[in-house]
Amino acid sequence: MNLEIRRLGQREVSDIMALMVDVASRLPSQDYFAMDDENNMNRLVQEKGEIYGAFLKGALVAYSVLAFPGQSDDNLGREFGVDEQQLDYVAVLDATIVHESARGIGLQRYFHQLREQRARAAGFRFLYSTVHPKNTVSIKNLEAEGFILQFTRPMYNGKPRHCYAKRLQ
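### Some details on the overall build of the protein chain
Logical step 1: Of regular secondary structure, the protein chain possesses four helices and seven strands.
Logical step 2: Going from N to C terminus, the protein chain has its helices and strands arranged as β-α-α-β-β-β-α-β-α-β-β.
Logical step 3: With respect to the principal axes defined by its C-alpha atoms, the protein chain has extents near 45 × 30 × 30 Å.
Logical step 4: Put simply, 65% of the contacts in the protein chain that link residues at least 6 apart link residues at least 24 apart.
Logical step 5: Just so you have it, the protein chain exposes about 8700 Å², and 46% of that area is on carbon and sulfur atoms.

Shown next as structure tokens:
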């Protein structure tokens, strides 16, 4: 499969949203994925993170978010007990969506590696991610990249989540 992978910007936010809604509509349970809104996606591409996309024949078939929550209320570092002074060193492997037409070729693992590399280069010390306990593919991919399950609890309006951590420095 000949994919083009690149960082996405504000002009692609509508494509990101369309892909998210499309793929999430076919998940076995709506608890598997915490939907994002367009305002947050715009914040991510402008200042609070990076989004990478995979294109097949010019169409967006996958995207993956690396979030830099800083001192915001939604910094996962607080869930993991990170000191307030260290919250700026937290990065989050946030949502990854892969259309069915591009599954099975290792895109999620590739995105994990790319985002970790970007977080390391930017000086982040803590990398966190959450995943639904029944999302076995995502769990396997996180664990293959060295993430360690820390705890399980309801998050994102009561959706069950395994919470994974990896120390970068």
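### Focus: the nonpolar core
Logical step 1: Ranked by size, the top nonpolar core spans 32 residues in total, and within it Met41, Ile51, Tyr63 and Tyr128 carry the most contacts.
Logical step 2: Secondary-structure elements contributing two or more residues to this core are helix H1 (13-24), helix H2 (38-48), strand S2 (49-56), strand S3 (59-67), strand S4 (90-98), strand S5 (126-131), strand S6 (148-155) and strand S7 (159-167).
Logical step 3: For this core, the element with the most residues is H1, which contributes seven residues.
Logical step 4: Leaving out residues up to four positions away in the same chain, tyrosine 128 has contacts with Leu76, Gly77, Phe80, Val82, Val90, Ala91, Val92, Leu93, Phe147, Tyr164 and Ala165.
Logical step 5: Counting 13 residues, the second largest nonpolar core, distinct from the first, contains Phe68, Leu93, Ala119 and Phe124.

### Brief notes about the environment of lysine 159
Logical step 1: Among the secondary structure elements, lysine 159 is positioned in strand S7.
Logical step 2: With residues up to four places along the chain from it excluded, the contact list for lysine 159 reads Gln30, Asp31, Phe33, Ala34, Arg153 and Pro154.
Logical step 3: Engagement of the side chain of lysine 159 in a polar contact is seen with the backbone oxygen of glutamine 30, the distance being 3.2 Å.

### Description of the packing of aromatic side chains
Logical step 1: Applying the stated criterion across every chain, the model contains five aromatic pairs.
Logical step 2: Ring geometry for phenylalanine 80 against tyrosine 128: centres 3.9 Å apart, planes inclined by 10 degrees, an arrangement best described as stacked. Here tyrosine 128 lies in strand S5 and phenylalanine 80 lies in the loop between S3 and S4, a separation of 48 residues in the sequence. With respect to burial, phenylalanine 80 and tyrosine 128 carry one shared label: buried.
Logical step 3: Each ring, one from phenylalanine 126 and one from tyrosine 128, has its centre 6.3 Å from the other, and the planes form 10 degrees; the classification is stacked.
Logical step 4: These aromatic residues form a ring-pair network of at least three members: Phe80, Phe126, Tyr128 and Phe151.
Logical step 5: The ring of tyrosine 89 has arginine 125 sitting right over it, with the charged end atom 3.6 Å from the ring centre.

### Notes on the pattern of salt bridges
Logical step 1: What the rule picks out here adds up to 13 salt bridges.
Logical step 2: Its salt-bridge partner being arginine 6, residue glutamate 12 comes within 2.8 Å of it at the nearest N-O pair.
Logical step 3: The exposure class assigned to glutamate 12 is buried, which follows from its relative accessible area of 5%.
Logical step 4: A relative accessible area of 26% places arginine 6 in the partly exposed class.
Logical step 5: Of the charged contacts, one joins arginine 7 and glutamate 50 as a salt bridge, the two residues approaching to 3.5 Å between their closest N and O atoms.

Cut-offs applied
Residues numbered from 1 in each chain as written. Predicted model: local features only at pLDDT ≥ 70, side-chain atom pairs only at ≥ 80, totals over all residues. Heavy atoms only, no water. Helix = DSSP H or I, 4+ residues; strand = E, 2+ residues; numbered from the N terminus. Contact = heavy atoms within 4.5 Å. Areas by Shrake-Rupley, 256 points an atom, 1.4 Å probe, with all protein chains shown as cover. Core = buried A, V, L, I, M, F, W, Y, C linked by side-chain atoms within 4.5 Å. Buried < 20%, exposed > 50% of the residue type's maximum accessible area, 1.4 Å probe, protein only. Polar contact = N/O pair within 3.5 Å; in protein donor to acceptor, adjacent residues only side chain to side chain. Phe/Tyr/Trp six-rings, centres within 6.5 Å; stacked < 30°, edge-to-face > 60°. Lys NZ or Arg CZ within 6 Å of the ring centre and 35° of its normal. Salt bridge = Lys/Arg side-chain N within 4 Å of Asp/Glu carboxyl O.

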